[in-house]
Amino acid sequence: MQNFNPFDEKPIPVDRWFMDWNMMYPCPYNKETVNAYTKCRIILMNGTEFEAQWFSRNFSRHCDDNDLRRELALVRRSEQQQQKRISCLKPKNETILEHTIGYEQLAVDLTSVLAKQECDCNVKNALNFALLEDFDHLYRYSNLLDYEYGVCPERLVGGYTEIMPARPTISEHRYPKDSIFNHIRNCEATIQTKLNVNIITAAEQQTMNYYMNVAPLYDKSDLGRRLYQEIGMIEEEHVTQYESLKDVNATWLEDLLMHEYTECYLYYSCMQTECDPSIRRIWEQCLIQEIAHLHKAKDLLRKYENKDWMEVIPGGDFPEILTLRSNVEYVREIIRTTIGNTQKKEYVVPLLQLPPDDRFYWYQEVVNGDVCSVASHNVIVRRIEGRGCDYRYEIAPSPLRELRDRRCDNTQLARDPAATPASAQVCGTSLGGCSCAMNTECGPVTF
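Everything quoted here is computed from the prediction, not taken from an experiment.

Time to look at the overall build of the chain. Scanning the chain for helices and strands turns up 13 helices and two strands. By the compact-globule yardstick of 22 Å for 447 residues, the chain fits well, its C-alpha radius of gyration being 22 Å. For the chain, the C-alpha atoms occupy an extent of roughly 60 × 50 × 40 Å along the three principal directions. Considering the chain as a whole, with its 447 residues, one finds that 60% of them fall into the buried category. When the accessible area of the chain is evaluated, it comes to approximately 18,200 Å², of which 49% is carbon and sulfur surface. Computing the positive centroid from 50 side-chain charges and the negative centroid from 66, the chain places the two 3 Å apart.

The following block contains the structure:
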């Protein structure tokens, strides 16, 4: 496929693409027949548009030039219309919990795809680390869906993504100061790394926002409300981790350009991979709009900072398009080799490297001192009590012996050193390494 460069395209004026109410309210997908990855793309682009307009709002709040703020308002209005259009593709008859399965499937397969193509060890470790946690969230929500609604989660994920435990959600609660990674440097990072960081930050932020708002709206049970509350706290950790990867030295206008370029890249990828013709047309139209936004950002960068866009995005050609696909074997390998990892300051490390008095254990005792009050554990207990075992969709038994018992939820793995495998690895070791030049990020770190 020939490289696509959005900077080579002739943009239309931003205000020529304002939508009326009919265009802004599209025909929703049929939840019984829709492809699982079509749903994932809709969730991804809804979150990407939210990130774009929220960044623009923060930019405007930190800008004292009203002419520039007017330009931001013009683009932001268009972004808002796009977001409203995309969000309404979700049908009325799809429940909050059914929609949640799409959020977690997106988290698993998007993170896997990005991690597999990432060459920066620091970013790759961050992706692989959170991957196992989102994978476990999919398992917890799926058990709740099966137990309370009798809906088959396997059908919702289209058989593309396995549903089984990974690093237990109870083990994911860490002291807040241990959620920061070293940031990338745009002058050194590849365009793929810059895109990966922007994409995953927007996607996880959307998940966090969704859980923040729907927890009190879940009306089936207190157990479900508590599960959204608990996993929402983990998503807060994930957003903190991912946003810490962004280059903090980029100017507001450089960041604006990168936001618009990321949107162009994602809409182009969606357009190339979408199987639903009507939704593909929406991606095409959104791409046209985003090319206009990108050129507007390019012009603002030149006008206000006297910088050429190529100083931020050399060349401008898109890398390989983002294709959501099944990642069963990759996820299994990450489970097998990194399940016992945790985070300490800027590093992903094996739990066994933490000293007995580490703040991880103190925080665990504060939050999870009473295991019987932890919703992510209780969901599995309820399903086991009601059906005799947990709900899973797996092509083979778990790659870890510690996770194969379907009649008992493991609450000690990656939380208790005595119950955690010693084979934890990070980027640059048993997973094949990478071409990263930042060798201080590779391999285990001893404290």
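A few words on the packing of aromatic side chains. For the structure on display, the rule yields 23 aromatic pairs. Note on Phe 4 and Tyr 268: the rings are 4.5 Å apart at their centroids and 15° apart in plane angle, and the pair reads as stacked. Taken together, the positions of Phe 4 in the segment before α1 (21–24) and Tyr 268 in helix α9 (residues 252–273) put the pair 264 residues apart, joining distant regions of the chain. In this structure Phe 4 comes out as buried when scored by relative accessible area, which is 16%. For the pair Tyr 141 and Tyr 211, a centre-to-centre distance of 5.4 Å together with 55° between the ring planes defines the contact as tilted. Here the residue Tyr 141 occupies a position in helix α5 (residues 121–149), and Tyr 211 occupies one in helix α7 (residues 191–214), the gap between them amounting to 70 residues. Across the pair, exposure class does not vary: Tyr 141 and Tyr 211 are buried alike. These aromatic residues form a ring-pair network of at least three members: Phe 4, Phe 7, Tyr 261, Tyr 265, Tyr 268, Trp 309 and Phe 318. Positioned above the aromatic ring of Tyr 149, the side-chain terminus of Lys 220 is 4.8 Å from the ring centre.

Here we take up the pairing of strand β1 (residues 341–344). Both faces of β1 are covered, namely the face carrying Asn 341 and Gln 343 and the face carrying Thr 342 and Lys 344. In terms of strand pairing, β1 meets strand β2 (residues 347–350) through four bridges, oriented antiparallel. In the sheet register, Lys 344 faces β2, and the bridge partner there is Tyr 347. Counting the residues between successive antiparallel strands, the hairpin from β1 to β2 contains two residues, one of them, Lys 345, with a positive phi of roughly 50°.

Together, Trp 362, Val 366 and Val 367 give the surface a local cluster of nonpolar side chains, amounting to about 300 Å² of exposed area. Positionally, Val 366 belongs in helix α12 (residues 359–368). The class of Val 366 is exposed, set by a relative accessible area of 51%.

Our focus in this paragraph is unusual backbone geometry. At Asn 306, a residue that is not glycine, the phi angle is positive and equals roughly 55°. Structurally, Asn 306 is set in the loop between α10 (277–305) and α11 (328–338). With relative accessibility at 59%, the residue Asn 306 sits in the exposed group. Even without being a glycine, Ala 414 presents a positive backbone phi close to 65°. Overall, Ala 414 belongs to the buried group, its relative accessible area being 1%.

As for its placement among the helices and strands, Gln 192 is situated in helix α7. Using a relative accessible area of 11% as the deciding quantity, one classes Gln 192 as buried. For the pair formed by Gln 192 and Leu 114, sequence separation is 78 residues and the distance between their alpha carbons is 8.9 Å. Among all residues touching Gln 192, those that are not within four sequence positions of it are Gln 117, Glu 118, Tyr 265, Pro 319 and Glu 320.

Attention now moves to the pattern of salt bridges. The tally for this structure, following the rule as stated, stands at 25 salt bridges. Salt-bridge contacts for Arg 167 lead to Glu 133; the nearest nitrogen and oxygen are separated by 3.2 Å. With Arg 167 in the loop between α6 (153–156) and α7 and Glu 133 in helix α5, this pair connects stretches of sequence that are 34 residues apart. Note on accessibility: Arg 167 and Glu 133 belong to one class, buried. Salt-bridge contacts for Lys 307 lead to Glu 254; the nearest nitrogen and oxygen are separated by 2.8 Å.

Here Glu 118 shows up in the loop between α4 (96–116) and α5. Although Glu 118 is buried, it makes no salt bridge; Lys 124 carries the closest opposite charge, 7.9 Å away. There is a polar contact of 2.9 Å between the side chain of Glu 118 and the backbone nitrogen of Asp 120. Contacts of Glu 118, omitting those with residues within four sequence positions, involve Val 123, Lys 124, Leu 127, Gln 192, Thr 193 and Asn 196.

To continue, consider the packing of helix α2 (residues 36–61) against helix α3 (residues 66–87). Contact geometry of α2 with α3 gives a least axis separation of 9 Å together with a crossing angle of 160°. With respect to each other, α2 and α3 are oriented roughly antiparallel. Every pair of crossing elements has a handedness; the one defined by α2 and α3 is left-handed. Here Ile 42, Met 45, Asn 46, Glu 49, Phe 50, Ala 52, Gln 53, Ser 56, Arg 57, Phe 59 and Ser 60 of α2 come into contact with α3, specifically with Leu 68, Arg 69, Leu 72, Arg 76, Glu 79, Gln 80, Gln 82, Gln 83, Ile 86 and Ser 87.

An ideal rise of 1.5 Å per residue puts 32 Å on 22 residues; α3 measures up with 31 Å between its terminal C-alpha atoms. Listed as buried for α3 are Leu 68, Leu 72, Val 75, Arg 76, Ser 78, Glu 79, Gln 80, Gln 81, Gln 82, Gln 83, Arg 85 and Ile 86. As for α3, its buried residues are in contact with α1, α2, α9 and α10. Capping of α3 at its N-terminal end is provided by Asp 65; its side-chain oxygen lies 2.9 Å from the backbone amide nitrogen of Asp 67.

About the thresholds
- Residues numbered from 1 in each chain as written.
- Predicted model: local features only at pLDDT ≥ 70, side-chain atom pairs only at ≥ 80, totals over all residues.
- Heavy atoms only, no water.
- Helix = DSSP H or I, 4+ residues; strand = E, 2+ residues; numbered from the N terminus.
- Rg over C-alpha atoms; globule rule 2.2 N^0.38 Å.
- Buried < 20%, exposed > 50% of the residue type's maximum accessible area, 1.4 Å probe, protein only.
- Areas by Shrake-Rupley, 256 points an atom, 1.4 Å probe, with all protein chains shown as cover.
- Lys, Arg positive; Asp, Glu negative; His and termini not counted.
- Charge placed at Lys NZ, Arg CZ, Asp CG, Glu CD.
- Phe/Tyr/Trp six-rings, centres within 6.5 Å; stacked < 30°, edge-to-face > 60°.
- Lys NZ or Arg CZ within 6 Å of the ring centre and 35° of its normal.
- Pairing = 2+ DSSP bridges.
- Patch = residues over 30% accessible without salt bridge, like charges linked within 9 Å, V, L, I, M, F, W, Y side chains within 5 Å.
- Salt bridge = Lys/Arg side-chain N within 4 Å of Asp/Glu carboxyl O.
- Contact = heavy atoms within 4.5 Å.
- Polar contact = N/O pair within 3.5 Å; in protein donor to acceptor, adjacent residues only side chain to side chain.
- Axes fitted to C-alpha atoms, helices over the stretch in contact; angles between N-to-C directions.
- Parallel < 35°, antiparallel > 145°, perpendicular 65-115°, else oblique.
- Left-handed = near helix turned anticlockwise from the far one by under 90°.
- Expected span 1.5 Å × (residues − 1).

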